[in-house]
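One letter stands for each residue in the lines below.
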Amino acid sequence: MPTPGVIMAATDEGKGLPLVFVHGFPLSRGAWRRQVEGFSATHRVIAPDLRGFGDTPPVPGTSTMDRFAGDLHDLIQQRGTGPIVLAGHSMGGYIVLAFARHYPELLRGLVLVGTKAGPDTPEGAAGRRATAEKVQAEGTAPVIEAMAPKMIGRPATEAGLGAEVRGFMASASPQGVVGALLGMAERADATAGLAGIGVPTLVVTGDEDVLIPPAESEKLAKAIPGAVLRIIPGAGHLVAHEKPREFNLALKEWLLTVR
Ligand code: MLT
């Protein structure tokens, strides 16, 4: 799959079974900070910034899920990880499913967090294209203001995590946001591929996720052979950051099943 290359900025800490964490939209690798802290004593933990987000430069054009997956493929080849456990949150999950389709031999396990397999509705895709035009005219502020409050559950908002979440979004470039919006709008339905996933899979969601309802995670877990579903109470969309103790425990237990 030819992809215009990009050098991804990435956190890469620890030794052992490689865990690669892919952030959602319009976030950056900071959203996985609690997992870097929680697993780098026992695993090699890699958390990249996707093209156009965090410290990774944007690339002109549409960032399809396949292109993002190609960037991840290049990253793990450059870093010589061998087969990985690949975790993706939300848009990161769309990318992880594209990666599983193209590079199944590079996977030891999959972790799908607050995500889904289905494509955008026609109305949803049209909304993304309209938002992309707005970002071109006005910058990323309208997207950040719309998305940030929906990322976490209500009690977490009260605890002041909101500013931290905005911080994860602050470095997104307008070109990166536009590319990802257009890429998500045109992404394919990944449902048909789920039955063919042949590695251990963990599906995690927060029961207060308002962006991608927990029912989507239930569907994923039913369709992927042997998948384990964990629903974390009192957590919203950004469950891994909002409830790190519960999330990391679920991941740690499940990792015992990965060979
Ligand atoms: C995300 O968190 O990555 C987004 O909510 C995904 C989406 O907009 O579909």
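Here the structure is a predicted model, which is why all the values come from computation and not from measurement.

Visitor: Explain the side chain of His43 to me, and be specific about the residues and the numbers.
Guide: Residue position: His43 is located in the loop between α1 (33-39) and β3 (44-48). For His43, a relative accessible area of 13% corresponds to the buried category. At 2.8 Å, the side chain of His43 forms a polar contact with the side chain of Thr42.

Visitor: Run through the environment of Leu107, naming residues and quoting values.
Guide: Secondary-structure assignment places Leu107 in strand β5 (residues 107-113). Residue Leu107 is classed as buried on the basis of its relative accessible area of 9%. Residues Leu107 and Ala69 lie 38 residues apart in sequence; the distance between their C-alpha atoms is 13 Å. Every residue in contact with Leu107, bar those within four places of it in the chain, is listed here: Pro83, Ile84, Leu86, Phe99, Ala100 and Val199.

Visitor: Lay out helix α8 (residues 174-185) with the relevant residues and their values.
Guide: In this model α8 runs 16 Å from its N-terminal to its C-terminal C-alpha over 12 residues, within 8% of the 16 Å that 1.5 Å per residue would give. The buried fraction of α8 amounts to 9 of the 12 residues, a majority that puts the element mostly inside the structure. Residues of α8 that are buried: Gly176, Val177, Val178, Gly179, Ala180, Leu181, Gly183, Met184 and Ala185. On its buried side, α8 packs onto α2 (65-78), α3 (91-102), α4 (122-138) and α5 (141-147).

Visitor: Quick one: what's the story with the pairing of β5, residue by residue and with numbers?
Guide: The buried fraction of β5 amounts to 6 of the 7 residues, a majority that puts the element mostly inside the structure. Bridge count for strand β4 (residues 84-89) against β5 is 6 bridges, and the pairing is parallel. Within β5, the position partnered with Val85 by the bridge is Gly109. With α3 bridging β4 and the parallel β5, this β-α-β connection has right-handed handedness. Pairing of β5 with strand β6 (residues 201-206) involves 4 bridges; the strand directions are parallel. By the bridge assignment for β6, Leu112 is matched with Val203.

Rules and cut-offs
Residues numbered from 1 in each chain as written. Predicted model: local features only at pLDDT ≥ 70, side-chain atom pairs only at ≥ 80, totals over all residues. Heavy atoms only, no water. Helix = DSSP H or I, 4+ residues; strand = E, 2+ residues; numbered from the N terminus. Buried < 20%, exposed > 50% of the residue type's maximum accessible area, 1.4 Å probe, protein only. Polar contact = N/O pair within 3.5 Å; in protein donor to acceptor, adjacent residues only side chain to side chain. Contact = heavy atoms within 4.5 Å. Expected span 1.5 Å × (residues − 1). Pairing = 2+ DSSP bridges. Right-handed = clockwise from strand over helix to strand, strands pointing away.

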